[in-house]
Amino acid sequence: QVHLVESGGGLVQAGGSLRLSCAASGRTFSYYAMGWFRQAPGKEREFVAAISWRGGVTVYADSVKGRFTISRDNAKNTVYLQMNSLKPEDTAVYYCAADRGPVVDMPRNRNLELWGQGTLVTVSS
């Protein structure tokens, strides 16, 4: 079983940057597509970004394209989300997810295999 632990959240001013990390432990991490989702107060969880297990394919929500970058280091069992030009509307709890299905299915798949506990990102105006 793979366990996911997010870190890197915090308080940042609008226009600033943060890098989130998701460390996986347990069984092999390499064959899982990885994704980031977020949930703002009073809203449903939404897809942010995903990356294929080899790292060759990435998918982004329109709201973060050009500002966020997802990457992974399979040797370190870690996936990252670099967030630049942050906006107050990016405020949310960010969750890491893993699934052995196709990465292009992650945005619509609400039955992903693994989820982390989440890390809070707060962007002040």
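The sections below set out a description of the structure shown in this document. Worth saying up front: this structure is predicted, and the values here are computed from it rather than measured.

### Remarks on the state of the cysteines
Scanning all chains against the criterion turns up one disulfide. The side chain of Cys 22 participates in a disulfide bridge whose partner is Cys 96; the two sulfur atoms lie 2.1 Å from each other. Taking the torsion about the S-S bond as the criterion, the Cys 22 to Cys 96 disulfide, at about -80°, is left-handed. Linking Cys 22 in strand S3 (residues 18-26) with Cys 96 in strand S9 (residues 92-99), this pair joins segments that are 74 residues apart in sequence. Judged by relative accessible area, Cys 96 falls into the buried class, the value being 0%.

### Focus: the pairing of strand S5 (residues 46-51)
Here S5 lies mainly inside the structure; five of its six residues are buried. Counting the residues between successive antiparallel strands, the hairpin from strand S4 (residues 33-39) to S5 contains six residues, one of them, Gly 42, with a positive phi of roughly 75°. The loop that links S5 with its antiparallel partner strand S6 (residues 58-60) comprises six residues; one of these, Gly 55, has a positive phi angle of about 90°.

### Overview of the pattern of salt bridges
On inspection of all chains with the given rule, the structure shows six salt bridges. A salt bridge links Arg 38 to Glu 46; the nearest nitrogen and oxygen atoms lie 2.6 Å apart. Note that Asp 90 is salt-bridged to Arg 67, the shortest N-O span being 2.7 Å. Of the two residues, Asp 90 is situated in the loop between strand S8 (78-83) and S9 and Arg 67 in the loop between S6 and strand S7 (68-73); the sequence distance between them amounts to 23 residues.

Calculation rules
Along each chain, residue indices are assigned from 1 in the same order as the chain's sequence is written. For this predicted model, a pLDDT threshold of at least 70 governs which residues receive local features, and a threshold of 80 or more governs which side-chain atom pairs are given and counted, while totals over whole chains, interfaces and linings are taken from all residues. Side-chain numbers come from the whole structure's heavy atoms, not from hydrogens or water. Here, the term disulfide refers to a pair of cysteine sulfur atoms separated by no more than 2.5 Å. In DSSP terms, a helix is any run of H or I states spanning at least four residues, a strand is any run of E spanning at least two, and both are numbered starting from the N terminus. Only protein chains enter the calculation, and the probe is 1.4 Å; a residue is then buried if its accessible area is under 20% of its type maximum, exposed if over 50%, and partly exposed in between. A pair of strands is considered paired only if DSSP assigns at least 2 bridges between the two. One speaks of a salt bridge when a side-chain nitrogen belonging to Lys or Arg is within 4 Å of a carboxyl oxygen belonging to Asp or Glu.

Just geometry here; none of it tells us what the structure is for.
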